[in-house]
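Understanding the architecture of this molecule
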Amino acid sequence: MTTDGVTSPLDVRIDALKGGSAELSQYAGKAMLVVNVASKCGLTPQYTGLEKLQERYADQGFTVLGVPCNQFLGQEPGSAEEIAEFCSATYGVSFPLTEKVEVNGDGRHPLYERLVGFADGEGHAGDIRWNFEKFLIGRDGTVVARFSPQTEPESAEIVAAIEGQLG
């Protein structure tokens, strides 16, 4: 339990990209891959793989959650409207996107306060290293895996972790 009483990332309040609450609690009982995204990054083509995961597993109780962030070389400079248009027109993104947030530093969003303590397979915990760092939240609302930004969404490692939560 944290100092503010929040025990799960799903209990955190965050707004949707287009306004209003994103209501993460609606994903209770589902698996979710939380990814800090950016539109002008060398890793931006990962949106394609993220959308394929969304399409492949959505009907099995899974969603991708894109969290725009502009903290890495200003690679997500757009407004909410510009981000939404880019994701839809360029990559056909159907998964939910949240408001643009900070994932590191004093302004770190509470969602990322809940995530960064979890280590990836190489033992890295703490600050987000770059755009497209991925966290898998299990059906029970706990963080079960963390993947580096360079790990492709459709990698065997991520697919196995997702399927392990859906099985």
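The sections below set out a description of the structure shown in this document. (Residues numbered from 1 in each chain as written. Predicted model: local features only at pLDDT ≥ 70, side-chain atom pairs only at ≥ 80, totals over all residues. Heavy atoms only, no water.)

1. Things to note about the nonpolar core
If you look at soluble globular proteins, the nonpolar side chains tend to sit buried side by side. Judged by nonpolar contacts, the single largest core of 29 residues is most densely connected at L33, L50, L53, F62, L136 and I162. Those elements that provide at least two residues to this core are strand 1 (31-37), helix 1 (46-57), strand 2 (62-68), helix 2 (80-91), strand 4 (143-147) and helix 4 (156-166). Take this core: its biggest share by element is five residues, from helix 4. Contact partners of F62, with chain neighbours within four places excluded, come to A31, M32, L33, L53, Q54, Y57, L136, I162 and L166. In this structure, M32, V67, F72 and V103 belong to the second largest nonpolar core, which totals 22 residues. (Core = buried A, V, L, I, M, F, W, Y, C linked by side-chain atoms within 4.5 Å. Buried < 20%, exposed > 50% of the residue type's maximum accessible area, 1.4 Å probe, protein only. Helix = DSSP H or I, 4+ residues; strand = E, 2+ residues; numbered from the N terminus. Contact = heavy atoms within 4.5 Å.)

2. Things to note about unusual backbone geometry
With the exception of glycine, most residues fall at negative phi, and the peptide bonds are largely trans. Even without being a glycine, L73 presents a positive backbone phi close to 55°. The exposed category is assigned to L73, whose relative accessible area is 71%. Here the phi dihedral of F132 falls at roughly 70°; this positive angle occurs in a residue that is not glycine. Its location among the elements puts F132 in the loop between helix 3 (110-115) and strand 3 (134-137).

3. A look at the pattern of salt bridges
One pass over the structure, following the stated rule, counts seven salt bridges. One salt bridge connects R129 with E133, and the closest N-O pair in it is separated by 3.0 Å. When the shortest N-O distance is used, the salt bridge between E133 and R146 registers 2.7 Å. With E133 in the loop between helix 3 and strand 3 and R146 in strand 4, this pair connects stretches of sequence that are 13 residues apart. Here the two residues E133 and R146 agree in accessibility, since each one is buried. Salt bridges sharing partners connect three or more residues here, namely D120, R129, E133 and R146. (Salt bridge = Lys/Arg side-chain N within 4 Å of Asp/Glu carboxyl O.)

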